Amino acid sequence: MENYTKINPDDMQRSKTILQNIHNYYHQKMVGQFQLSTSLMVTLMCNGHILLESVPGLAKTTAAKTMTEAVNGTFSRIQCTPDLLPSDIIGSQIFNYATNSFETKIGPVYANFVLLDEINRSSAKTQSAMLEVMQEHQTTIGGQEFKMPEVFTVIATQNPIEQEGTYLLAEAQLDRFLIKEKLFYPNKDEEFEILNRIEKDVFANHQAVVDIEDVLFLQKLTKQVYIDDAIKKYIIQIIDATRNPASYIGPELAQYVTLGASTRGAIALMDVAKAVALMNCRDYVVPDDVKRMIYSVLRHRVTLNYAAVADNVSVEKIINTIIGVIPTP
């Protein structure tokens, strides 16, 4: 830990206060879905993007709006359909007959939080246009560059059940998402509480508890969290195990893996671990920080074949096995 520089206690206290304020506001409106809360917070701290997978009606839109309200950000929602064009998202040039000139019309993508609803319903061309914006944080209209806001997070959703009229995201496109989270039905007690909150109309009150400057502060502080070389090597071993599974977990399970995680996956594991450490009021990463979000970071980066589906082998089982055989530093 030769290069370890402690974060200023005042900065650590400020980050704790910001995170607590956002957490409290989020759970005033949202019931349950604690993993989603953590994933959204980590995505925000890393200035990344998140893919949410669930059946309709599990408050994905509400969660995105609640997070936006909490940080006083701008929000836009794009409903994806097969006929959605790239220009519908990023904008285009429109001819103004009054001035006899072209004017640039900005699309809905220019916001702090962009909800890309049912991304798998848009065509491959539109998906590519959006994912390019996600990677480059800018777009070009009529030869002019337009930068995204400093805080720019795409929250994409997809329904895993419906297949008709959908276009699966390619592996290279999935890799652009920092995190993929799966949402499940609430239990009976949570659903009872949801009905009570709907009846009391708790969603009518909107009040920011922090601002965008606080979010930028969190993002800057997250980068300053120390991660030891031993933990970096641990991350690399995990990634290598997804690429060469037979050497780690044996041929019986390795036969189901067709594609392992990329270097972007290793970077994501490191960044997410730093965010988790800061959420736990630490300025250094421990191995449990890596494990805490490992499903969310790797489940969309490790590709299984059809045999895995037939034999009911999940990607989470593969990840679990890998974690079990790699020594923790």
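Everything in this summary refers to the structure shown in the same document. All residue numbers refer to position in the chain's written sequence, counted from 1. Restriction of local features to residues with pLDDT of at least 70 applies here, the model being predicted, together with a cutoff of 80 or more for giving and counting side-chain atom pairs; totals for whole chains, interfaces and linings are based on all residues. Remark: hydrogens and water are excluded; side-chain values derive from all non-hydrogen atoms of the structure.

### Regarding the packing of aromatic side chains
Aromatic pairs are defined between Phe, Tyr and Trp rings, using the six-membered ring for Trp, whenever the two ring centres lie within 6.5 Å; interplanar angles under 30 degrees are classed as stacked, those over 60 as edge-to-face, and all others as tilted. Applying the stated criterion across every chain, the model contains 1 aromatic pair. Between tyrosine 110 and phenylalanine 146, the ring centres sit 6.3 Å apart and the planes meet at 70°, which makes this aromatic pair edge-to-face. Within this pair, whereas tyrosine 110 is found in the loop between strand 4 (101–106) and strand 5 (113–117), its partner phenylalanine 146 is found in strand 7 (residues 144–147), the two being separated by 36 residues in sequence. Each member of the pair tyrosine 110 and phenylalanine 146 is classed as buried. Whether a charge sits over a ring depends on NZ of Lys or CZ of Arg being within 6 Å of the ring centre and within 35 degrees of the ring normal. Between the NZ or CZ atom of arginine 14 and the centre of the ring of phenylalanine 217, over which it lies, the distance is 4.0 Å. Working definition: helices are DSSP H or I runs of at least four residues, strands are E runs of at least two. Numbering for both runs from the N terminus. Each residue gets one of three labels from its accessible area relative to the maximum for its type: buried under 20%, exposed over 50%, partly exposed in between, using a 1.4 Å probe on protein chains only.

### Considerations on the sheet that holds strand 1 (residues 50–53)
The strand order across the open sheet built from 5 strands is 2-5-8-1-9, with neighbouring strands paired in parallel fashion. In the strand order of this sheet, the two ends are held by strand 2 (75–79) and strand 9 (179–182), each with one partner. In this sheet, adjacent strand axes meet at a mean angle of 20° when their direction is disregarded. Against the sheet, helix 2 (residues 34–45) makes contact with strand 1, strand 5, strand 8 (153–158) and strand 9, and its axis sits at roughly 165° relative to strand 9, the strand it touches most. Two strands are counted as paired when DSSP detects at least two bridges linking them. All axes are obtained by fitting lines to C-alpha atoms, using only the stretch in contact for helices, and the reported angles, taken between N-to-C directions, cover 0 to 180 degrees. Should any heavy atoms of two residues lie within 4.5 Å, those residues are counted as being in contact.

### So, the packing of helix 2 against helix 12 (residues 263–279)
Between helix 2 and helix 12, the shortest axis-to-axis distance is 9 Å and the interhelical angle comes to 110°. What the angle tells us is that helix 2 and helix 12 run roughly perpendicular. Where helix 2 crosses over helix 12, the handedness of that crossing is right-handed. From helix 2, Thr38, Met41, Val42 and Met45 reach across to helix 12, where they touch Val272, Ala275, Val276, Leu278 and Met279. Looking at the contact of helix 2 with helix 12 residue by residue, the class counts come to 8 nonpolar, 1 polar and no charged. Each angle is binned into one of four classes, with values under 35 degrees roughly parallel, values over 145 roughly antiparallel, values of 65 to 115 roughly perpendicular, and all other values oblique. In this scheme the crossing of two helices becomes right-handed for a clockwise turn of the near helix relative to the far one and left-handed for an anticlockwise turn of less than a right angle. Ten residue types, Ala, Val, Leu, Ile, Met, Phe, Trp, Tyr, Cys and Pro, are classed as nonpolar, four, Asp, Glu, Lys and Arg, as charged, and the remainder, Gly among them, as polar.

### Some details on unusual backbone geometry
Of note, asparagine 72 is a non-glycine position whose phi angle comes to about 60°, a positive value. Here asparagine 72 shows up in the loop between helix 3 (60–70) and strand 2. Positive phi, normally seen in glycine, also occurs at glutamate 118, with a value near 55°. Checked against the element boundaries, glutamate 118 lands in the loop between strand 5 and helix 5 (124–136).

### Describing the pattern of salt bridges
Any two side chains of opposite charge can pair if their charged atoms end up close together. By convention in these notes, a salt bridge is any Lys or Arg side-chain nitrogen within 4 Å of a carboxyl oxygen on Asp or Glu. If you walk through the whole model with that rule in mind, you get 14 salt bridges. Put simply, lysine 6 and aspartate 283 hold a salt bridge, and the shortest N to O gap is 3.9 Å. Of the two residues, lysine 6 sits in the segment before helix 1 (9–29) while aspartate 283 sits in the loop between helix 12 and helix 13 (287–292), which places them 277 residues apart along the sequence. Given a relative accessible area of 61%, lysine 6 falls into the exposed group. Lysine 180 is paired through a salt bridge with glutamate 53; the nearest N and O atoms lie 3.0 Å apart. With lysine 180 in strand 9 and glutamate 53 in strand 1, the pair connects residues that are 127 residues apart, well separated along the chain. Judged on exposure class, the residue lysine 180 and its partner glutamate 53 are both buried. Taken together, the shared-partner salt bridges connect Glu181, Lys182, Arg299 and Glu316 into one network.

### A look at helix 2
Expected helix span is taken as 1.5 Å per residue step, with the number of steps being one fewer than the number of residues. The end-to-end C-alpha separation of helix 2 is 17 Å, in line with the 16 Å expected for 12 residues at 1.5 Å each. Of all the 12 residues making up helix 2, 10 are buried; the element is thus mostly covered by neighbouring parts of the structure. Immediately downstream of helix 2, the backbone of asparagine 47 shows phi near 55°, a positive value.

### What about helix 16 (residues 315–325)?
If you check which residues of helix 16 are buried, you get Val315, Glu316, Ile318, Ile319, Ile322 and Ile323. Across the axial projection of helix 16, the buried residues extend over an arc of 160°, all falling on one side. Starting at the helix axis, one direction is taken to each C-beta atom, and the arc is that of these directions.

### Brief notes about the pairing of strand 6 (residues 138–141)
Here 4 bridges tie strand 6 to strand 7, and the two strands are oriented antiparallel to one another. Each residue of the ladder has a partner; that of threonine 139, found in strand 7, is phenylalanine 146. Between strand 6 and the antiparallel strand that follows it, strand 7, lie 2 residues; glycine 142 among them carries a positive phi value of about 60°.

### Re the nonpolar core
Only buried residues count toward a nonpolar core, which is a set of Ala, Val, Leu, Ile, Met, Phe, Trp, Tyr and Cys residues joined through side-chain atoms within 4.5 Å. Judged by nonpolar contacts, the single largest core of 74 residues is most densely connected at Val71, Ile238, Val290 and Leu298. With sequence-adjacent residues up to four places away left out, valine 71 is seen in contact with Ile22, Leu44, Phe113, Val210, Asp211, Ile212 and Val215. Judged by nonpolar contacts, the second largest core, of 25 residues, contains Leu116, Met134, Ala156 and Phe177.

### Quick word on the state of the cysteines
Note that a disulfide, as used here, is simply two cysteine sulfur atoms within 2.5 Å. Counted under the stated rule, the structure contains 0 disulfides. In this structure cysteine 281 is a free cysteine whose sulfur lies 16 Å from that of cysteine 46, the closest cysteine sulfur available. For cysteine 281, a relative accessible area of 37% corresponds to the partly exposed category.

Geometric descriptors of this kind do not, in isolation, establish any biological role.
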